[in-house]
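Survey of secondary and tertiary structure
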Amino acid sequence: MTTGTRVEILDRTSCTAGAGDASGSGSGTDTFETAVERPGLRVAALAAAVGVSPDTVRYYERAGLLHPAERTPTGYRVYGTAAVDRLRFIRGCQRLGLRLREIADLLAVRDTGVCPCEPAEQLLRRRIAEVDVELARLTALRAEMAEMAEKLPTAACPPPEPGRWCPPDGDRR
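Residues numbered from 1 in each chain as written. Predicted model: local features only at pLDDT ≥ 70, side-chain atom pairs only at ≥ 80, totals over all residues. Heavy atoms only, no water.

1. As for the overall build of the protein
Counting secondary structure elements, the protein contains six helices and two strands. The N-to-C order of helical and strand elements in the protein reads α-α-α-β-β-α-α-α. The proportion of buried residues among the 173 residues of the protein is 27%. Long-range pairs, those at least 24 residues apart, make up 56% of the contacts in the protein between residues at least 6 apart in sequence. Approximately 11,300 Å² of the protein is accessible, and the part contributed by carbon and sulfur atoms is 56%. (Helix = DSSP H or I, 4+ residues; strand = E, 2+ residues; numbered from the N terminus. Buried < 20%, exposed > 50% of the residue type's maximum accessible area, 1.4 Å probe, protein only. Contact = heavy atoms within 4.5 Å. Areas by Shrake-Rupley, 256 points an atom, 1.4 Å probe, with all protein chains shown as cover.)

Below you can see the structure in the form of structure tokens.
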């Protein structure tokens with residue numbers, strides 16, 4: 001199952017480097033721009049295409065996960081279509097529980113033109129081990145909670161004293 005997930009996340013990006021070029025054909029002298037003069041996606045359109053907020057797109061750029069966007073003469077960010085794939089890659093990695101610095105490492109490998117499958121496998125195996133530890137902790141917590149629930153009295157519980165839990169078996173301390 002792990003292999004299938006890894007392939008799905010990495011193959012979706014086609015293991016290509018994508019800086020997201022957004023070269024414009026406009027002269028840059030006009031005060032008003034249209035999508036025809038400067039092709040690409042503005043922050044809101046990119047965010048909507050991937051299902052994140054515009055603030056998330058800006059944060060990823062500040063964090064170095066997204067290549068800096070070109071700017072229009074009026075200062076708007078304009079991203080190329082490759083930014084959509086890059087954001088989807090980032091979000092897929094996050095769904096697997098990878099941290100942003102780990103995602104940045106994978107993107108750095110990916111940006112060299114090399115497929116990041118080997119480093120991704122190492123990260124995912126480490127993440128699987130972390131999930132196993134967390135599952136064991138949660139299983140123990142569940143067992144403790146179930147035991148506590150079983151020990152609660154079934155008869156009418158006396159009114160609790162402030163700051164105290166209703167003691168099991170009428171044991172007051």
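Moving on, there is more to tell.
2. Here's the deal with the environment of Leu98
Checked against the element boundaries, Leu98 lands in the loop between helix 4 (82-95) and helix 5 (100-111). By relative accessible area, which is 7% here, Leu98 ends up buried. Sequence separation of Leu98 and Ala120 is 22 residues, and the distance between their C-alpha atoms is 9.7 Å. Apart from the residues within four sequence positions on either side, Leu98 is in contact with Cys93, Ile103, Leu106, Leu123, Leu124 and Arg127.

3. Quick word on the packing of helix 2 (residues 43-50) against helix 4
Running from amino to carboxyl end, helix 2 crosses helix 4 at an angle of 50°, the nearest separation of the two axes being 10 Å. With respect to helix 4, the element helix 2 is oriented oblique. In the packing of helix 2 onto helix 4, the handedness of the crossing is right-handed. Listed contacts from helix 4 to Leu46, Ala49 and Val50 of helix 2 are Ala83, Val84, Leu87, Arg88 and Arg91. (Axes fitted to C-alpha atoms, helices over the stretch in contact; angles between N-to-C directions. Parallel < 35°, antiparallel > 145°, perpendicular 65-115°, else oblique. Left-handed = near helix turned anticlockwise from the far one by under 90°.)

4. Some words on the side chain of Arg77
With respect to the helices and strands, the residue Arg77 is situated in strand 2 (residues 77-78). Setting aside chain neighbours within four positions, we find Arg77 in contact with Leu41, Arg42, Val43, Arg58, Glu61, Ala69, Glu70 and Arg71.

5. Quick look at the environment of Ala120
By the element assignment, Ala120 lies in helix 6 (residues 117-151). Residue class for Ala120 comes out buried when judged on its relative accessible area of 4%. Each C-alpha atom of the pair Ala120 and Cys93 lies 9.3 Å from the other, and the pair is 27 residues apart in sequence.

6. As for the nonpolar core
Judged by nonpolar contacts, the single largest core of 24 residues is most densely connected at Leu46, Val57, Leu66, Tyr79 and Leu87. At the level of secondary structure, the elements contributing two or more residues to this core comprise helix 2, helix 3 (54-62), helix 4, helix 5 and helix 6. Once residues within four sequence positions are removed from consideration, Leu87 is found in contact with Leu46, Val50, Val57, Tyr60 and Leu66. (Core = buried A, V, L, I, M, F, W, Y, C linked by side-chain atoms within 4.5 Å.)

7. Quick notes on the pattern of salt bridges
Tallied over the full model, the rule gives ten salt bridges. Bridged by salt links that share partners, the residues Arg99, Glu102, Arg126, Arg127 and Glu130 form one connected network. (Salt bridge = Lys/Arg side-chain N within 4 Å of Asp/Glu carboxyl O.)

8. Brief notes about the packing of aromatic side chains
A full pass over the atoms with the stated rule returns one aromatic pair. Judged by centre distance (6.2 Å) and plane angle (55°), the ring pair of Tyr59 and Tyr60 falls under tilted. Classification of Tyr60 by relative accessible area gives buried; the value is 3%. Against the face of Tyr76 rests Arg42, its NZ or CZ located 4.3 Å from the ring centre. Here Arg110 stacks its cationic end above the ring of Phe89, 5.0 Å away from the centre of that ring. (Phe/Tyr/Trp six-rings, centres within 6.5 Å; stacked < 30°, edge-to-face > 60°. Lys NZ or Arg CZ within 6 Å of the ring centre and 35° of its normal.)

Everything listed here is a matter of geometry and, on its own, says nothing about what the molecule does.
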